[in-house]
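# Tertiary structure, described
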Amino acid sequence: MCWLLPPDGHVHTEWSWDAVAGSMEQSCARAVDLGLPSIAFTEHADFTRWVIEPELQPLMRPVNAGRIGPDNRWNPPPLDTVAYLGCVARCRDQFPGLRILTGMELGEPHWHEAQVKALPNIGDFDRLLGSVHSLALDGPRIVDHLFGTFELDELMRAYLAEVLRLAESPAPFAVLAHIDYPLRYWPAQAGRFDAAAFEDEYRAALSALARSGRALEINTVVPLPAPIVRWWYEVGGAALTFGSDAHQPARVAREFTSAAAMAEAAGFRPGRYPHDMWRRNAAG
């Protein structure tokens with residue numbers, strides 16, 4: 001079989017608290033239809049108790065709003081690893097031609113060392129993502145809720161400073177997820193995002209990530225600015241993964257064709273096997 005798309009290394013299913021339309025079985029079927037070599041189900045493992053202002057609470061889904069305590073802090077639900085792994089086993093039986101990886105997306109794991117270490121069998125998972133969704137600015141608060149409260153430049157630099165701290169930490173993750181997370185909420189009235197305005201901050205975070213031996217994810221929820229992938233190559237980044245961050249089956253491997261083309265243009269190539277991470281061109 002000729003693999004036309006890279007593996008999807010970042011997918012959420014019904015086992016993630018925010019994937020109300022998720023389905024592991026249907027995501028596997030979608031991956032098979034697309035000809036993906038493999039898929040990683042990286043369910044949320046969160047410990048950060050966000051401050052949710054009362055005026056924002058009605059905007060949350062009822063199932064999530066119900067987890068806000070009297071202190072206006074959201075209490076993240078635990079990942080049911082036993083049930084999740086049971087579902088993976090069933091899908092592996094049902095889709096023997098698809099390589100299915102177990103995984104978790106660890107939210108701010110450098111803030112929660114003890115809780116992360118206490119996760120059951122964490123060392124047995126195939127793919128651990130590290131991500132920053134929150135900032136300690138007047139909080140901690142989820143980044144989505146900080147737009148309009150801070151200047152955009154201040155918010156971006158604070159986000160990238162937190163990513164740098166994560167990259168420099170000993171937290172047990174192998175791939176940095178969505179370094180462009182704030183761009184999902186970039187206000188239209190601010191004009192097109194210019195990554196070059198934050199080149200120093202991006203390069204600092206990417207350099208730390210490269211030194212740690214971890215990989216960078218091209219997340220396709222929004223188009224990752226191409227210069228960031230080029231900077232990753234220039235600072236010595238060795239590996240790339242691709243993540244749709246799908247929370248429903250139809251979005252598995254979304255925009256992977258253009259993401260793969262961008263990675264190739266920056267100097268990265270598929271690994272030896274179809275399910276491998278992409279690696280920097282040996283000539284580089």
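As a reminder, the structure under discussion sits directly above these lines.
What comes next is a walk through the structure.

The rules behind each value
Residues numbered from 1 in each chain as written. Predicted model: local features only at pLDDT ≥ 70, side-chain atom pairs only at ≥ 80, totals over all residues. Heavy atoms only, no water. Helix = DSSP H or I, 4+ residues; strand = E, 2+ residues; numbered from the N terminus. Rg over C-alpha atoms; globule rule 2.2 N^0.38 Å. Buried < 20%, exposed > 50% of the residue type's maximum accessible area, 1.4 Å probe, protein only. Contact = heavy atoms within 4.5 Å. Areas by Shrake-Rupley, 256 points an atom, 1.4 Å probe, with all protein chains shown as cover. Pairing = 2+ DSSP bridges. Right-handed = clockwise from strand over helix to strand, strands pointing away. Axes fitted to C-alpha atoms, helices over the stretch in contact; angles between N-to-C directions. Parallel < 35°, antiparallel > 145°, perpendicular 65-115°, else oblique. Nonpolar A, V, L, I, M, F, W, Y, C, P; charged D, E, K, R; others polar.

### Some points on the overall build of the protein chain
What the protein chain contains, in helices and strands, is eight helices and 11 strands. The C-alpha radius of gyration computed for the protein chain amounts to 18 Å, which stays within 12% of the reference 19 Å derived for 284 residues, consistent with globular compactness. Seen along its three principal axes, the alpha-carbon backbone of the protein chain occupies a region of about 55 × 45 × 35 Å. Classification of the 284 residues of the protein chain by burial places 53% in the buried group. Partitioning the contacts of the protein chain with sequence separation of at least 6, the portion at a separation of at least 24 is 72%. Looking at the protein chain as shown, the accessible area adds up to about 12,700 Å², and 52% of this sits on carbon and sulfur atoms.

### Some points on the pairing of strand β2 (residues 38-45)
Remark: a regular strand shows side chains that alternate across the two faces of the sheet. Burial analysis of β2 places eight of its eight residues in the buried class, which makes it a mostly covered element. Relative to β2, strand β1 (residues 8-11) runs parallel, the two being bridged by two bridges. Each bridged residue has a counterpart across the sheet, and for Asp8 the counterpart in β2 is Ile39. Chirality of the crossover, the property in question, places the unit of β1, helix α1 (residues 24-34) and β2 among those that are right-handed. Bridging between β2 and strand β3 (residues 99-107) involves eight bridges; their strand directions are parallel. Residue pairing in the sheet places Thr42 in a bridge with Gly103 of β3.

### Observations concerning the pairing of strand β9 (residues 239-243)
The buried fraction of β9 amounts to five of the five residues, a majority that puts the element mostly inside the structure. Side-chain alternation along β9 places Ala239, Thr241 and Gly243 on one buried face and Leu240 and Phe242 on a second face that is also buried. Pairing geometry for strand β8 (residues 215-219) and β9, over four bridges, is parallel. Following the sheet pairing, Ile218 is matched in β9 by Phe242. After leaving β8, the chain enters helix α7 (residues 226-234) and then returns to the sheet as β9, a path that is right-handed. When β9 meets strand β11 (residues 278-280), the two strands line up antiparallel, connected through two bridges. Paired with Ala239 across the strands is Arg279, a residue of β11.

### Some details on the environment of Glu199
Counting through the fold element by element, Glu199 comes out in helix α6 (residues 199-212). The sequence separation of Glu199 and Trp231 amounts to 32 residues, and the corresponding C-alpha distance is 8.5 Å.

### So, the packing of helix α5 (residues 152-168) against α6
Relative to each other, α5 and α6 sit at 10°, their axes nearing to 8 Å. In terms of orientation, α5 lies roughly parallel with respect to α6. The residues of α6 that touch α5, namely those facing Met156, Arg157, Leu160, Val163, Leu164, Ala167 and Glu168, are Glu201, Tyr202, Ala204, Ala205, Ala208, Leu209, Arg211 and Ser212. In terms of residue class, the contact of α5 with α6 is built from 10 nonpolar, one polar and four charged.

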